[in-house]
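Here is what each chain is made of, one letter per residue.
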Amino acid sequence: MEDTFSKLKVEDITTANQAMARCLRLAGMAAKSDVQVLLLGETGTGKTLMARAIHNSSSRAAAPFISFNASAMSDSLLESQLFGHERGAFTGAQQMVKGKFELADGGTLFLDEVADMSPLAQVKILRVLEYGEFERLGSERMSKCDVRVISAANCSLQSRIRQGKFREDLYHRLAGLSLLIPPLRERREELPVLIAGELKAQARVFGKNIMAIHPESMDKLLTHQWRGNLRELSHVVRTMALFCEGNVILPDHVIFPEDLSSDLNESPAVSAPRPAESPPPAEGDLTLSAAALRHIRFVHQQAQGNQRRTAKLLGISRATLARHLKNGHGGK
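Residues numbered from 1 in each chain as written. Predicted model: local features only at pLDDT ≥ 70, side-chain atom pairs only at ≥ 80, totals over all residues. Heavy atoms only, no water.

Asks: Would you take a moment to explain the overall build of the protein for this structure?
Replies: Regarding its fold elements, the protein presents 15 helices and nine strands. Across the protein, the fraction of contacts at a sequence separation of at least 24, relative to all contacts at a separation of at least 6, is 73%. Carbon and sulfur atoms form 52% of the exposed surface of the protein, whose accessible area is close to 17600 Å². (Helix = DSSP H or I, 4+ residues; strand = E, 2+ residues; numbered from the N terminus. Contact = heavy atoms within 4.5 Å. Areas by Shrake-Rupley, 256 points an atom, 1.4 Å probe, with all protein chains shown as cover.)

Right, dumping it as structure tokens:
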């Protein structure tokens, strides 16, 4: 999967959605130049995937693609990560280390979640974008770099500017071209193809021969809101593939994150068991289905045979649990 994504180009991405098609057209045009691109969209819409595709379709494709999450990091650590440091620059700096800008020289640096960067980090990055130079921590000389920056945010940078939390001059440097990736709930015509592709990949991972999706299962998938977008879709389909024992995805195999949350909210006293012993070691059958059954039996035992509590701890329906226990002769 990761190897496939690492080679993905803009022209490899297809869509039946008009807004997404426009986004891809602009991404293809951006790939032919060195314009800085700002990718906007909700969490999980595929901004990292789009950034990599733009890089792979550009003249910089043979050079490095370096990804960096710019949020939730102290100024000193962020500066060291982005620009590197010299040996002895701070306690524990045993050797010279290159930063992300230097590692991406000649290629593309993807800065994710730029809306949450600190004011100092914004100043430092603006300088690199304006002058193409930076200074390693502990160094007294400037270093040059040739880097194309693609950035991403899951909120409006314009609103952050109005709040005084983001520099307007940096925004104009980053947003040579802004691309808005629509959320999955606005691209429902794409769902059957996306689900089928992800299911095929996950079935291959788990070594299963899944041939079809039950109509009721597909109906649940198509009417879901997908607040987590592609990231949530990947998680849900992976779970479907894991719990599918035959070659058809049944309704009980379709489990959304909120299904487990609602179950737990109904019984706040339910908590994970504190086992007195570890799960039984794997012996004999080492297949994934056998390992899953061993885990289910273990949790069932720790829940003292209570199927309702066992199902909640595992995050599956009681019907799914009962089927696993029956097929594996796991008890009542």
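That covers the picture; the talk isn't over yet.
Asks: Explanation requested: the environment of Ser143 in the structure shown.
Replies: Along the chain, Ser143 falls in strand β5 (residues 143–144). According to the relative accessible area criterion, Ser143 is buried, its value standing at 10%. Those residues in contact with Ser143 that lie beyond four places of it in its chain are Gly132, Glu133 and Phe134. (Buried < 20%, exposed > 50% of the residue type's maximum accessible area, 1.4 Å probe, protein only.)

Asks: Even after reading the chapter, I still don't get helix α4 (residues 75–83), so can you show me in this structure?
Replies: The complete set of buried residues in α4 reads Leu78, Glu79, Ser80, Leu82 and Phe83. Against β2 (65–69), α5 (100–103), β3 (108–112), α6 (119–131) and β4 (133–134) lie the buried residues of α4. In the stretch just after α4, Gly84 is the one whose phi turns positive, near 80°.

Asks: It is not clear to me how unusual backbone geometry should be interpreted in this structure. Could you clarify?
Replies: Apart from glycine, the bulk of residues carry a negative phi angle, and the bulk of peptide bonds sit in the trans form. Phi is positive for Glu113, close to 55°, though the residue is something other than glycine. Inspection of the secondary structure puts Glu113 in the loop between β3 and α6. Look at Asn229: it is not a glycine, yet its phi comes out positive at around 55°. Looking at the element boundaries, Asn229 is found in helix α11 (residues 229–243). Look at Asn229 and you get buried, because its relative accessible area is 0%.

Asks: What is the right way to read the packing of helix α9 (residues 191–206) against helix α10 (residues 215–223) from this model?
Replies: The relative placement of two packed helices comes down to the angle between their axes together with the axis-to-axis distance. In contact at an axis separation of 10 Å, α9 and α10 are set at 115° when each is read in the N-to-C sense. α10 is crossed by α9, and the crossing has right-handed handedness. Each of Leu191, Pro192 and Ile195 in α9 lies in contact with α10, whose residues at this interface are Met218, Leu221 and Leu222. (Axes fitted to C-alpha atoms, helices over the stretch in contact; angles between N-to-C directions. Left-handed = near helix turned anticlockwise from the far one by under 90°.)

Asks: Is there a simple way to explain the pattern of salt bridges in this structure?
Replies: One side chain can pair with another of opposite charge once the charged atoms of both are near each other. Applying the stated criterion to the full structure yields nine salt bridges. In this structure, Arg160 engages Asp116 in a salt bridge whose closest nitrogen and oxygen atoms are separated by 3.7 Å. Within this pair, whereas Arg160 is found in helix α7 (residues 157–162), its partner Asp116 is found in the loop between β3 and α6, the two being separated by 44 residues in sequence. Arg160 sits in the buried class, given a relative accessible area of 18%. A salt bridge links Glu190 to Arg187, with the shortest nitrogen-to-oxygen separation between them at 2.6 Å. Taking relative accessible area as the criterion, Glu190 reaches 7% and is therefore assigned buried. A cluster of three or more residues bridged by salt bridges with shared partners is formed by Asp34, Arg60 and Asp146. (Salt bridge = Lys/Arg side-chain N within 4 Å of Asp/Glu carboxyl O.)

Asks: Please explain the sheet that holds β2 as it appears in this structure.
Replies: Hydrogen bonds between backbone atoms are what pair the strands of a sheet, whose relative direction is either parallel or antiparallel. Read across the sheet, five strands follow the order β2-β3-β6-β1-β7 without closing on themselves; strand pairing throughout is parallel. Two strands bound the open sheet, and with one partner strand each, they are β2 and β7 (177–180). In this sheet, adjacent strand axes meet at a mean angle of 20° when their direction is disregarded. Relative to β3, β2 runs parallel, the two sharing five bridges. Across the sheet, Phe68 pairs through a bridge with Leu111, a residue of β3. (Pairing = 2+ DSSP bridges.)

Asks: What exactly am I supposed to notice about helix α2 (residues 18–31) here?
Replies: Note on helix geometry: an α-helix contains 3.6 residues per turn, so any two residues three or four positions apart are oriented the same way. Taking 1.5 Å of rise per residue, 14 residues should cover 20 Å, and α2 covers 20 Å from first to last C-alpha, within 8% of that figure. Looking at α2, one finds that the buried residues are Met20, Cys23, Leu24, Leu26, Ala27, Gly28, Ala30 and Ala31. Here the buried face of α2 lies against β1 (37–40), α3 (47–56), β6 (148–153) and β7. For α2, the N-terminal cap is Asn17; the gap from its side-chain oxygen to the backbone nitrogen of Ala19 is 3.0 Å. (Expected span 1.5 Å × (residues − 1). Polar contact = N/O pair within 3.5 Å; in protein donor to acceptor, adjacent residues only side chain to side chain.)

Asks: Which parts of the structure should I look at to understand the side chain of Ser151?
Replies: Following the sequence through the fold, Ser151 ends up in strand β6. Ignoring anything within four residues of it in the chain, the contact list for Ser151 reads Val37, Leu38, Leu39, Phe110, Leu111, Val114 and Leu174.

Asks: So what exactly am I meant to see when it comes to the environment of Arg127 here?
Replies: With respect to the helices and strands, the residue Arg127 is situated in helix α6. A residue is classified by how much of its surface remains accessible, and Arg127, at 40% relative accessible area, is partly exposed. For Arg127 and Leu170, which are 43 residues apart along the polypeptide, the C-alpha to C-alpha distance reads 9.2 Å. Filtering out sequence-adjacent residues up to four positions away, Arg127 remains in contact with Gly132, Glu133 and Met142.

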